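# A closer look at the structure
The chain contents come next:
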Amino acid sequence: MRIRSDLWRPISIVKRLNLLASLGHTLLVFGLLFMTSIPSPLSVWLTVLLTVVVGPLPILPGSATPMALRHLRRIAPQNETPVSPASIPAAAKAPPGTKPVPAANPAAKQYGRPRPSRPVTAPPPTTRGTNTPEAIQDIELEWTGQYAEQLSRILPNPTLGPADIARKLAELKQKTGQTPALLYAASRPDHLETILVTPSGKIRHQHITAADAETLTDTLQNLRIEVIDPTSSPQVYLPPAQQLYQWLIAPFAAELEAQGIDTLLLCVGPGLRTVPFAALHDGQQYLIEKYNFSLIPAFNLLATSYRPLRSAQVLAMGASEFAQLNDLPAVPLELGAIAQVLWPGKVLLNQAFTPNALVSERQRQPFAIVHLATHAEFQPGTLDRSYIQFWDQRLGLNQIPALSFDHPPVQLLVLSACRTAFGDRQVELGFAGLAVEAGVESAIASLWYVSDVATLVLMRQFYQDLKQTPIKAEALRQAQVAMLKGQAKLTRDDSVKQQLQVPFPPEVAAFENEPLTHPYYWAAFTVIGSPW
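The structure presented is a predicted model; accordingly, all values stated were derived computationally and were not measured.

## What to know about the overall build of the protein chain
Summing up its helical and strand segments, the protein chain has 17 helices and 16 strands in all. Across the 532 residues in the protein chain, those meeting the buried criterion constitute 56%. Contacts in the protein chain between residues far apart in sequence, at least 24 positions, make up 79% of those at least 6 positions apart. When the accessible surface of the protein chain is totalled, it reaches about 22,000 Å², and 55% of it is carbon and sulfur.

## Some points on unusual backbone geometry
With the exception of glycine, most residues fall at negative phi, and the peptide bonds are largely trans. Geometrically, the link from His407 to Pro408 is a cis peptide bond, its omega value of -10 degrees lying close to zero. Along the chain, Pro408 turns up in the loop between strand S12 (394-396) and strand S13 (412-415). Although it is not a glycine, Ser152 adopts a positive phi angle of roughly 55 degrees. Inspection of the secondary structure assignment puts Ser152 in the loop between helix H4 (132-151) and helix H5 (162-176). Look at Ser152 and you get exposed, because its relative accessible area is 65%. Positive phi outside glycine occurs at Asn513, with the angle close to 65 degrees. Examined against the element boundaries, Asn513 turns out to sit in the loop between helix H16 (506-509) and helix H17 (519-522). Relative accessible area serves as the criterion here: at 45%, Asn513 is assigned to the partly exposed category.

## Structural notes on empty space enclosed by the protein
Summed over all chains, the structure comprises 4 cavities of 30 Å³ or more. Roughly 70 Å³ of volume is contained in the largest cavity. In this structure, the largest cavity is lined by Tyr306, Arg307, Pro308, Leu309, Arg310, Leu466, Thr469, Pro470, Ile471, Lys472 and Trp532. Considering only residue class, the lining of the largest cavity consists of 7 nonpolar, 1 polar and 3 charged.

## Observations regarding the sheet that holds strand S10 (residues 376-378)
Pairing is mixed in the open sheet, where 4 strands are placed in the order S12-S11-S10-S14. Looking at which strands have only one partner, the edges of the open sheet turn out to be S12 and strand S14 (418-420). Pairs of neighbouring strands in the sheet enclose a mean axial angle of 15 degrees, with direction left out of account. Both S10 and S14 contribute to a ladder of 3 bridges, which runs parallel. What sits directly across from Glu377, in S14, is Arg419.

## A word on the packing of helix H6 (residues 213-227) against helix H7 (residues 234-248)
Between H6 and H7, the shortest axis-to-axis distance is 8 Å and the interhelical angle comes to 140 degrees. One element, H6, and the other, H7, form an angle in the oblique class. In terms of crossing hand, the pair formed by H6 and H7 is left-handed. Here H6 contributes Thr215, Leu216, Thr219, Leu220, Asn222, Leu223, Glu226 and Val227 to the contact with H7, which in turn contributes Val236, Tyr237, Pro240, Ala241, Gln243, Leu244 and Trp247. For the contact of H6 with H7, the residue count by class is 10 nonpolar, 4 polar and 1 charged.

## Here's the deal with the pattern of salt bridges
Here the structure, examined in full by the defined rule, presents 11 salt bridges. For Arg188, the salt bridge goes to Glu193, with nearest N and O atoms at 3.0 Å. For Glu193, a relative accessible area of 7% gives the class buried. Note that Glu377 is salt-bridged to Arg419, the shortest N-O span being 3.5 Å. One end of the pair, Glu377, is in strand S10; the other, Arg419, is in strand S14, and 42 residues separate them in sequence. Grouping residues by exposure puts Glu377 and Arg419 together as buried. Overlapping salt bridges, with partners in common, bring together Arg307, Glu441 and Lys472 in one network.

## Notes on the environment of Pro297
The topology assignment puts Pro297 in the loop between strand S6 (292-295) and strand S7 (314-318). Note on Pro297: relative accessible area 3%, which makes it buried. In this structure, the C-alpha to C-alpha distance between Pro297 and Gly269, residues 28 residues apart in sequence, is 8.5 Å. When residues no more than four places from it in sequence are discounted, the contact partners of Pro297 are Trp143, Tyr147, Cys267, Ala432 and Val436.

## Some remarks on the nonpolar core
Counting residues in each nonpolar core, the largest one holds 160 residues, and the members touching the most others are Leu182, Tyr184, Phe277, Leu372, Phe405, Phe462 and Tyr463. Per-element tally for this core: the top contributor is helix H13 (residues 452-466), with 9 residues.

What counts, and where the lines are drawn
Residues numbered from 1 in each chain as written. Predicted model: local features only at pLDDT ≥ 70, side-chain atom pairs only at ≥ 80, totals over all residues. Heavy atoms only, no water. Helix = DSSP H or I, 4+ residues; strand = E, 2+ residues; numbered from the N terminus. Buried < 20%, exposed > 50% of the residue type's maximum accessible area, 1.4 Å probe, protein only. Contact = heavy atoms within 4.5 Å. Areas by Shrake-Rupley, 256 points an atom, 1.4 Å probe, with all protein chains shown as cover. 1 Å grid on protein atoms, 1.4 Å probe; cavity = no way out; pocket = protein on both sides within 12 Å on 5 of 7 lines; lining within 4 Å. Points joined across faces, edges and corners; volume = space filled by probe spheres on them. Nonpolar A, V, L, I, M, F, W, Y, C, P; charged D, E, K, R; others polar. Pairing = 2+ DSSP bridges. Axes fitted to C-alpha atoms, helices over the stretch in contact; angles between N-to-C directions. Parallel < 35°, antiparallel > 145°, perpendicular 65-115°, else oblique. Left-handed = near helix turned anticlockwise from the far one by under 90°. Salt bridge = Lys/Arg side-chain N within 4 Å of Asp/Glu carboxyl O. Core = buried A, V, L, I, M, F, W, Y, C linked by side-chain atoms within 4.5 Å.

Without other data, these values stay purely geometric and don't point to any function.
This is how it looks when you write it as structure tokens:
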């Protein structure tokens, strides 16, 4: 789903208690001061009462009043009405064309929220290698079981051990010309466990004790809160992005460089499956500037075949008008650019955008790429609560197999306008398991609401790069880098617009030459499943 909305800062139960305790202690102090000014026995009794009732309220460890207060603050331009995505009812329709871009003069704006100053550190991890093969097999078995339960289907038991995985990586290196490595990451109560498997067969196993579950979750939440706010400054979102890089990537940096790794298969566990990995930062560069990557459910569930997409055709479908959701005025331009200018294919828009039409078109023509430019939601709960919005109906995630994406096989499914709830384990399984559930080799989806125009720019750049690059993840990486460097944006003399011979709608034209370099605009999009 693509809308511009400002977010209420979430506040946990612990932080609510801390805030309540702080206010209680403040009340006690002022109460005592007031009572001392009352020269009567009544003041003694009131003082005792305040001390007994308010005094025991604790300040729970790990938080301070400024941190709690920070979570009560909303960020919103003064001339806009803040909206919480979670609070938007299905029938509410946001005004089109709202500009989700920073102020014209960001240098003059006061950025950031009060937060403790903590240095980004790379603590020396504890290396454990004695039972690493068993750890890998346990992870593959456990996570395959999680996806099988969430997707309500029987999935194949893991059969590939670490040596088999290394051989597969070496084979894919030969086929694609890209050098992949597999990175497992699992959050444990008292540490972060990471395992790196490379094509050479070398395996590294780390325990990061500084990244216990509570600390890791807090850091992830801070990053997520900041990157989805297009007005936030680097001083605010880079610290958590750099800390996560130090925990997840930095311990293996020397090994990755020594083996020339350029593609990461991120096989991550609960709590980590909706991390905007593209926005992780090493202090000099974003992760997306250094590596292609994809999010995979388990290596044993990964499609490891490789078929170049250069000769594929695209079935581009979507809707620009909705009865109960935000209109997407840039969708006609997006679909036309993809399937009429950049790639051969067919466009089905608005009334023609139905599940039956999708199935019928693929029976007539085996489109290897299916692009859906419409609202989609990954919601907590069972799969039927998550959906893709077609013109005439909402299709639950549990109904996706009925679209027969596996017959004939779809190599790439793109959902260019979806939102993923944060912090819910079932949502994470639905998002990271999208390729498995849909029966496709690879999928591309977004983690949060993204501006309609930014999606248009990124998707055009992605399909343009897909013609030239050997793998899908490399094409997405190049498109994201082009945006963060300001090389991809909407211009008045836009060549695609001229080829389509259609003017920009007013809501789209308002974004001409606007910078789209903030991570909000590009870091949400993720390859799920095969990066090849």
